[in-house]
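Given next are the chains, with one letter for each unit.
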Amino acid sequence: MNPDLGRLQSYPFEKLAALKQGIDPPRERDPIGLQIGEPKHPTPSLIAEALIAHLHRLSVYPTTRGLPELRGAIADWLGARFRPESGAPLAVDPERHVLPVNGTREALFAIAQAVVDRTHPAPLVLMPNPCYQIYEGAALLAGAEPQYLACRPENGFIPDFDAVDAAIWDRCQLLYLCSPGNPTGAVLDRPTLTRLIELAERHDFVIASDECYGDIYQDEDAPPPGLLQAAAALGNDGFERCLVFHSLSKRSNAPGLRSGFVAGDARLIRDFLAYRTYHGCAMPLPTQYASLAAWRDETHVRENRRLYREKFAAVTEILGPVMPVTTPAGGFFLWLETPIPDTDFARDLYAQENVTVLPGRFLSREIDGYDPGAGRVRIALVSPLDECVDAAKRIRAFVERL
């Protein structure tokens, strides 16, 4: 067996299951799960209709590159969504810059396997801390060492990239970003993205920007910027060393569709296509047609944001008097500071109120005596409004009893 498999940590939800084991919550209270970032808003009918209309294409092998129409729709969406300050659409070539993938999770994992040079002495993969654990597992199984960049509250939950010394950047082969962040909701601004692209050029590493929450944000007039947008503003029209990952799971409430894309540097896309051809992960044609319909429609995405804003407003109003609550710029998570240790908070909340949240330390790593997830919980506001309100009231009652 691959010896690096032994270096993988238990997944956060395995740790949560162990934490809850043996607890019998009050049965008179309906269970409310806020631990998983699985959207519960209805999947738009246009996606299901397109999927059903093309089920007959199950008899055809799909290509790894995907339908030209799908790549074209993705390129059009990127061009419009991440329009540079010049006003012209972002120039994305669907033939060279775009590759459909089966959700961002598998692509974010696979890119490390394709990018990391195992013959290089002591390769590093840098990632935020806390983060989506896939980044860590991808680094370990690619034969690299994870390097964790703490997301501290005093820095707006953005890693202090200026504190990373040149020797670390020289060893870095891949930098994972997540904006808006999971679990913090923090958004990387354009100057930060520009600075990172310049560092990638100077030290020769690849940036993998996980932007799957990029269409969930609070201010309709200020959508989060993207890595390709920042590259174009620098004059890097070929997006060299830059890859972005987008998904329909959050944006379109279609996590079961397993559909997303990677876009950016044409050379990296070409080589990643070769990797994926051997990997055998082509997207089924009915899924491609459903995805095409989703990327061409923005009405359902605007409604999605409205629903999340409504839930954030209601929940923060309830919790504000008893806990420090800040609505994040993007994403659908609250990253709450807890008055007692986060694991105790999550366990006792479940035991007393039958509400499940995720301890922050299950998403983070302690480095040099500091754990940026300790003393916080992640709350996913994915359930319907009435459930989120009910959960917030139970959390408030629980905190008031402490």
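Our structure is the block above this text.
Attention here is on the structure that accompanies the text. (Residues numbered from 1 in each chain as written. Predicted model: local features only at pLDDT ≥ 70, side-chain atom pairs only at ≥ 80, totals over all residues. Heavy atoms only, no water.)

Focus: the pairing of strand S2 (residues 98-101)
Burial along S2 is two-sided: Val 98 and Pro 100 and Leu 99 and Val 101, pointing in opposite directions, are all buried. Examined bridge by bridge, S2 and strand S8 (residues 260-264) share four bridges and lie antiparallel to one another. Bridge pairing in S8 places Val 98 opposite Ala 263. (Buried < 20%, exposed > 50% of the residue type's maximum accessible area, 1.4 Å probe, protein only. Helix = DSSP H or I, 4+ residues; strand = E, 2+ residues; numbered from the N terminus. Pairing = 2+ DSSP bridges.)

Digging into the sheet that holds strand S4 (residues 145-150)
The strands making up a sheet are joined through hydrogen bonds of the backbone, oriented either antiparallel or parallel. One open sheet holds the seven strands; their spatial order is S2-S8-S7-S6-S5-S3-S4, and the pairing between them is mixed. The sheet terminates laterally at S2 and S4, the two strands that pair on one side only. Adjacent strand axes in the sheet meet at a mean angle of 20° when their direction is disregarded. Two strands pair when backbone bridges link them, and strand S7 (residues 242-247) and S8 are joined in this way by five bridges, in the antiparallel orientation. Across the sheet, the residue bridging to His 246 is Phe 261, located in S8. Here helix H4 (residues 104-115) sits on the sheet and contacts S2, strand S5 (172-178), strand S6 (206-210) and S7; the angle it forms with S5, its principal contact strand, is near 165°. (Axes fitted to C-alpha atoms, helices over the stretch in contact; angles between N-to-C directions. Contact = heavy atoms within 4.5 Å.)

So, the packing of helix H13 (residues 342-353) against helix H14 (residues 385-401)
Contact geometry of H13 with H14 gives a least axis separation of 10 Å together with a crossing angle of 110°. The angle between H13 and H14 falls in the class roughly perpendicular. By crossing handedness, the relation of H13 to H14 is classed as right-handed. Residues Phe 345, Asp 348, Leu 349, Gln 352 and Glu 353 of H13 pack against Arg 394, Ile 395, Ala 397, Phe 398, Val 399 and Arg 401 of H14. When the residues that make up the contact of H13 with H14 are grouped by side-chain class, the tally is six nonpolar, one polar and four charged. (Parallel < 35°, antiparallel > 145°, perpendicular 65-115°, else oblique. Left-handed = near helix turned anticlockwise from the far one by under 90°. Nonpolar A, V, L, I, M, F, W, Y, C, P; charged D, E, K, R; others polar.)

Topic: the pairing of S4
Sheet topology note: the strand S3 (residues 124-129)/S4 ladder contains six bridges and is parallel. Bridge pairing in S4 links Leu 124 to Glu 145. Between S3 and its parallel partner S4, the chain crosses via helix H5 (residues 134-141), and the hand of that crossover is right-handed. (Right-handed = clockwise from strand over helix to strand, strands pointing away.)

Here's the deal with the packing of aromatic side chains
Scanning the entire structure with this criterion turns up 14 aromatic pairs. Relative to Phe 261, the ring of Trp 77 lies with its centre 6.1 Å away and its plane at 75°, an arrangement referred to as edge-to-face. Residue Trp 77 is found in helix H3 (residues 68-81), and its partner Phe 261 is found in strand S8; the two are separated by 184 residues along the sequence. Across this residue pair, the class does not change: Trp 77 and Phe 261 are buried. (Phe/Tyr/Trp six-rings, centres within 6.5 Å; stacked < 30°, edge-to-face > 60°.)

What about the side chain of His 97?
With respect to the secondary-structure elements, His 97 resides in the loop between H3 and S2. Accessibility expressed as a relative area gives 4% for His 97, which makes it buried. Within polar-contact distance, the side chain of His 97 engages the side chain of Arg 96 at 3.4 Å. With near-sequence residues (within four places) excluded, His 97 lies in contact with Ala 91, Val 92, Gly 238, Phe 239, Val 262, Ala 263, Gly 264, Ala 266 and Ile 269. (Polar contact = N/O pair within 3.5 Å; in protein donor to acceptor, adjacent residues only side chain to side chain.)

Thoughts on the side chain of Asp 342
Tracing the backbone shows Asp 342 in helix H13. One polar contact links the side chain of Asp 342 to the main-chain amide nitrogen of Gly 375, over a distance of 2.9 Å. Those residues in contact with Asp 342 that lie beyond four places of it in its chain are Pro 359, Gly 360, Arg 361, Gly 373, Ala 374, Gly 375, Arg 376 and Val 377.

Some points on the pattern of salt bridges
All told, the structure shown has 27 salt bridges when counted by the stated rule. For Glu 220, the salt bridge goes to Arg 309, with nearest N and O atoms at 3.1 Å. Of the two residues, Glu 220 is situated in the loop between S6 and helix H8 (227-233) and Arg 309 in helix H12 (residues 299-319); the sequence distance between them amounts to 89 residues. For Glu 220, a relative accessible area of 33% puts it in the partly exposed group. Arg 347 serves as the salt-bridge partner of Asp 348, at 3.3 Å between the closest nitrogen and oxygen. Look at Arg 347 and you get partly exposed, because its relative accessible area is 28%. (Salt bridge = Lys/Arg side-chain N within 4 Å of Asp/Glu carboxyl O.)

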